[in-house]
2 protein chains.
Amino acid sequence: MCAALFLYLWSHNMEKFSITILGCGSATPSPKHYTSSQVVDIRGKLFMVDCGEGTQIQLRRSRVAFARINHIFISHLHGDHCFGLLGMISTFGLLGRTAPLYIHAPEQLWSILEKELDFYYHDLEYQVEFMGFDPGKTTVVYDDRSLSVTAFPLRHRVPCAGFLFQEKTTADHLDREAADFYGVPQWDYNRIKEGGDFITADGTLIPHSRLTVPAEPGRSYAYCCDTIYNPSMIPVIKGVNLMYHDCTYSIQDAERAQKHFHSTAADAARTALDAGAGQLILGHFSARYPDESVLLNEAQQIFPSTILAKENLTVTI
Amino acid sequence: MCAALFLYLWSHNMEKFSITILGCGSATPSPKHYTSSQVVDIRGKLFMVDCGEGTQIQLRRSRVAFARINHIFISHLHGDHCFGLLGMISTFGLLGRTAPLYIHAPEQLWSILEKELDFYYHDLEYQVEFMGFDPGKTTVVYDDRSLSVTAFPLRHRVPCAGFLFQEKTTADHLDREAADFYGVPQWDYNRIKEGGDFITADGTLIPHSRLTVPAEPGRSYAYCCDTIYNPSMIPVIKGVNLMYHDCTYSIQDAERAQKHFHSTAADAARTALDAGAGQLILGHFSARYPDESVLLNEAQQIFPSTILAKENLTVTI
């Protein structure tokens, strides 16, 4: 019974792809919203995206097993996206962290972060590894067997990157009945799943396609914040299952959005529509909208499958 | 009626001396406590003491008119006392601040703060004035007509200062009946109040003491955090009306307190007793005490006039 429960939970975790919003306000923390941060959970691996002031406070409130966060991705060097880093680094140390922490950020950040680490943390018990990238280019910033993270240029007042989390397609599933029917030995299962054909004892070729069920396509999530309307990124994020997009303003404040290189709800929705996204989460709200449903309604006119971000919301793909 | 109300409120504000706790946890923010920060309101002038991460969040939640904060005092350069500074500086700018902001801190802070300001804030619309001091010395760090702030050494793992807010004695109050009786002209009132005698028309000297009622003594508040038990500071804070003292640990964890250069509740109470303080506020709590009344009880055994700090508590002298 316990073993079955364990296996169920483990396999459930293996399939998991979720995003937990820690902060979705813009510019400054307010009584309503923390500044930008979220945790992406892909099959039990945790990645933080952006780290505004107060992120660690939210992290403690959430159910995220934050000691397992090994990678933090920073989109750009505005304070509302990165002022929580130093405190987070400190807290990880105080909680006994020994594993390295990888910070993937626009390369310019290192020029100040290095000095800050040197000033405040003489005796940090773990390594902070800075993985700088050029936010003006589309670059794979993280890559392992099961997923990759690609940074792609956004359009903002300072160099800014979005992030595409792309799950890699797993091996096809074995059709056990077919495998038994054709006498495929167990030790050969993996090779079949990964694309191999099988030759029976009498020399008949049984193609891979007859012995397997195709794997589900890898799931994907795109974080697009902060940015003005930016259609040039659409090819990178085409067909994404879930998108989080800058929605600082309503279309009524389009001029202000233009001026500050942010998006309106309509911009976000149009992007989701043109990218063929599965679902859109609006975030990075300006404090000028006491009722954000105005943004939601505006987006849903164009892209019905839209929701509003809010603190501690978890969205699962 | 309106004029009377205005005068009442204005005079009430003129007498005000209060401390609002924004954060009284230690080391890291937790679901229970924000890290160190408070606002001292003396006759309408607002001073911030320490600025841990998340302070601006708490500030927004409080009723403090934070746009009127012109001076921030930093006790020492541990992150839980100063990581909220950058975000605060940014937010003040976004809210349209033009008046200078004075940061009084151990002089070493400037070596990193200068670089951070240069990195993040090219276009700040107001001036950040850094007023460094040597935390190893007793120094007046702020002085005006009605109050002074003195930094004095504490004993911690890094150089650390406490702050004494001392209201200056106002001029004595005029005894109007006596003044009228002796024919003191109105234009001479101020001189009398400030210590002058009066000579009547027939040449009789009427001493100051017969024409006035003594002013109340200036009120005082001492912020003593972070520190191990530190009796050498007692002469500086002797007779203080209100004291906020490091109370990271219980006496049962005295060894840990010693090791980390913090105080126990008993240490804080002993200090308050020996200093002849009016009232003691315990703060900077370790997260290891789910129920802080254990600290309160411990202190009250020695110094009954003790209370626990908590977020958004305002204590008035």
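Nothing here was measured: the structure is a model prediction, and the numbers come from that model. Sequence positions are assigned chain by chain, starting from 1 and proceeding in written order. To label them, take the chains in the order written and letter them from A, then take the ligands in the order written and number them from 1. In keeping with the model being predicted, local features are shown solely for residues with a pLDDT of at least 70 and side-chain atom pairs are shown and tallied solely at 80 or more, while totals for entire chains, interfaces and linings include all residues. Calculated side-chain values reflect all of the structure's heavy atoms, with hydrogen atoms and water omitted.

Novice: So what's going on with the overall build of chain A? Which residues, and what values?
Specialist: Only DSSP runs of H or I reaching four residues or more are called helices, and only runs of E reaching two or more are called strands; each is numbered from the N terminus. For chain A, the count of helices and strands is eleven helices and 18 strands. Principal-axis analysis of the C-alpha atoms gives chain A an extent of 75 × 55 × 40 Å. By sequence separation, contacts in chain A at least 24 residues apart represent 64% of the contacts at least 6 residues apart. Surface accessibility in these figures is a Shrake-Rupley result with a 1.4 Å probe; residues are shielded only by whichever protein chains are displayed. Accessible area of chain A: about 14200 Å², with a carbon and sulfur share of 54%. Note on charges: Lys and Arg go in the positive column, Asp and Glu in the negative column, and His and the chain ends are not counted at all. A charged residue contributes its charge at one atom only: NZ of Lys, CZ of Arg, CG of Asp or CD of Glu. Treating the 26 positive side-chain charges of chain A as one cloud and the 35 negative ones as another, the clouds have centres 3 Å apart. Note on contacts: a residue pair qualifies if any of its non-hydrogen atoms lie within 4.5 Å across the two residues.

Novice: Tell me about the pairing of strand 5 (residues 101-106) of chain B, residues and numbers included.
Specialist: Residue and element names in this part refer to chain B. Along strand 5, five of the six residues are buried, which leaves the element largely enclosed by surrounding structure. Following DSSP output, two strands are said to pair if at least two bridges run between them. In this structure, strand 4 (residues 69-73) lies alongside strand 5, joined through three bridges in parallel fashion. The residue of strand 5 that forms the bridge with F73 is H104. Judged from the six bridges that link them, strand 5 and strand 6 (residues 128-133) form a sheet pairing that is parallel. Counterpart to Y102 in the pairing with strand 6 is E129. A crossover counts as right-handed when, viewed with the strands pointing away from the observer, the path leading from the first strand over the helix to the second turns clockwise. Traced from strand 5 through helix 5 (residues 110-120) to strand 6, the parallel crossover comes out right-handed. Accessible area is worked out with a 1.4 Å probe on protein chains only. A residue is then buried under 20% of its type maximum, exposed over 50%, and partly exposed in between.

Novice: Can you tell me about helix 4 (residues 85-94) of chain A, naming the residues and giving the values?
Specialist: Residue and element names in this part refer to chain A. With nine of ten residues buried, helix 4 is to be regarded as a mostly interior element. For helix 4, the full list of buried residues reads L85, L86, G87, M88, I89, S90, T91, F92 and G93. Phi for G96, located one or two positions after helix 4, is positive at around 85°.

Novice: An account of empty space enclosed by the protein is needed here, citing residue identities and associated values.
Specialist: In this approach the atoms are scanned with a rolling probe the size of a water molecule, which exposes any empty space left behind. Of the grid points, spaced at 1 Å and generated over the protein atoms alone, those admitting a 1.4 Å probe that cannot get out make up cavities, while open sets with protein on both sides within 12 Å along at least five of seven lines make up pockets; any residue with an atom within 4 Å of a point is treated as lining. Grid points are joined across faces, edges and corners, and a volume is the space filled by probe spheres set on the points. All told, the structure shown has one cavity of 30 Å³ or more when counted by the stated rule. In this structure, the largest cavity spans a volume of roughly 200 Å³. Lining of the largest cavity is provided by 16 residues; of these, L86 and E116 of chain A together with F83, L86 and E116 of chain B occupy positions nearest its centre. Listing elements by their share of the lining of the largest cavity, those giving two or more residues are helix 4 and helix 5 (110-120) of chain A together with helix 4 (85-94) and helix 5 of chain B. The nonpolar class holds Ala, Val, Leu, Ile, Met, Phe, Trp, Tyr, Cys and Pro. Asp, Glu, Lys and Arg form the charged class, and all remaining residues, Gly among them, are polar. Looking at the lining of the largest cavity, its residues break down into 14 nonpolar, no polar and two charged.

Novice: Give me the lowdown on the domain arrangement of chain A, citing residues and values where you can.
Specialist: Splitting chain A by domain gives domain 1 (3-170 + 215-306) and domain 2 (173-213). What marks off one domain from the next here is an automatic or database domain assignment. Computed over C-alpha atoms only, the centres of domain 1 of chain A and domain 2 of chain A are separated by 41 Å.

Novice: Hey, could you go over the sheet that holds strand 15 (residues 242-246) of chain B for me, with residue numbers and the actual values?
Specialist: Residues and elements named next belong to chain B. Ordered by their spatial adjacency, seven strands build an open sheet running 7-8-9-14-15-16-17, and the pairing between neighbours is mixed. Among the strands making up the open sheet, the edge pair consists of strand 7 (139-143) and strand 17 (306-308). On average, adjacent strands in this sheet sit at an angle of 20° to one another, irrespective of strand direction. Here strand 16 (residues 279-283) pairs with strand 17 via three bridges, running parallel. For L280, the partnering residue across the bridge sits in strand 17 and is T306. A fitted line through C-alpha atoms represents every axis, and for helices the fit uses only the stretch in contact; the resulting angles, taken between N-to-C directions, go from 0 to 180 degrees.

Novice: Lay out the relation of the copies chain A and chain B with the relevant residues and their values.
Specialist: Least-squares superposition of the copies uses the C-alpha atoms of those residues scoring a pLDDT of at least 70 in each of them. For the pair chain A and chain B, the superposition axis carries a translation of 0.0 Å, the fit reaches an RMSD of 0.1 Å, and the rotation angle comes to 180°. The transformation just described matches what one would write down for a two-fold rotation axis. In terms of C-alpha distance to the rotation axis, chain A has G54 of chain A as its closest residue, with the C-alpha 2.6 Å off the axis. Comparing interface residues between copies, 100% of those in chain A also sit at the interface in chain B, which points to an isologous, same-surface contact.

Novice: Can you break down the environment of R256 of chain B residue by residue, with the values?
Specialist: Residues and elements named next belong to chain B. With respect to the element layout, R256 can be found in helix 10 (residues 254-260). With relative accessibility at 38%, the residue R256 sits in the partly exposed group. Remark: the alpha-carbon pair of R256 and L273, spanning 17 residues in sequence, is separated by 23 Å. Residue contacts for R256: discarding those within four places in its chain leaves Y249 and R288.

Novice: Now, about the interface of chain A and chain B: what can you tell me, with residues and values included?
Specialist: With 31 residues of chain A at the interface, the matching set in chain B holds 31 residues. Note on chain A versus chain B: buried area summed over both sides is about 2600 Å², and carbon and sulfur give 67% of it. By the criterion of area lost to chain B, the three top residues of chain A are E53, F83 and Y120 of chain A, representing 24% of everything that side buries. Salt bridges are defined by distance alone: a side-chain nitrogen of Lys or Arg within 4 Å of a carboxyl oxygen of Asp or Glu. Run the count over chain A and chain B and you get zero salt bridges. A 3.5 Å cut-off defines polar contacts: any pair of N or O atoms within that distance qualifies, except that in protein one atom must be a possible hydrogen donor and the other a possible acceptor, and neighbouring residues in sequence count only when both atoms are side-chain atoms. In this assembly, chain A and chain B are joined by nine residue pairs in polar contact (both at pLDDT 80 or more). Simply put, the buried area is the total loss of 1.4 Å probe accessible area from both parts when two parts are fitted together.

Novice: Explain the packing of aromatic side chains residue by residue, including any values.
Specialist: For this analysis, a ring pair means two rings from Phe, Tyr or Trp (six-membered ring only for Trp) whose centres lie within 6.5 Å, classed as stacked if their planes differ by under 30 degrees, edge-to-face if by over 60, and tilted for the remaining angles. In total, this model carries 30 aromatic pairs over all chains according to the counting rule given. Ring centres of F83 of chain A and Y121 of chain B lie 6.5 Å apart, and the angle between their planes is 80°; on these two criteria the pair is classed as edge-to-face. Remark: Y121 of chain B occurs in the loop between helix 5 and strand 6 and F83 of chain A occurs in the loop between helix 3 (79-82) and helix 4; the pair is interchain, linking two chains. On the accessibility criterion, F83 of chain A (12% relative accessible area) is buried. Ring geometry for W110 of chain A versus F130 of chain A: centroids 5.1 Å apart, planes at 20°, classification stacked. Of this pair, W110 of chain A sits in helix 5 while F130 of chain A sits in strand 6 (residues 128-133), and the two are 20 residues apart along the sequence. For F130 of chain A, a relative accessible area of 17% gives the class buried. Taken together, F47, F73, F133, Y142, F163, F165 and Y221 of chain A form an aromatic cluster joined through their ring pairs. We count a charge as sitting over a ring when the NZ of a lysine or the CZ of an arginine lies within 6 Å of the ring centre and within 35 degrees of the ring normal. A cation over a ring is seen here: R97 of chain A above F92 of chain A, with NZ or CZ 4.9 Å from the ring centre. In this arrangement the basic side chain of R270 of chain B is found over the ring face of Y229 of chain B, its NZ or CZ atom lying 4.0 Å from the centre.

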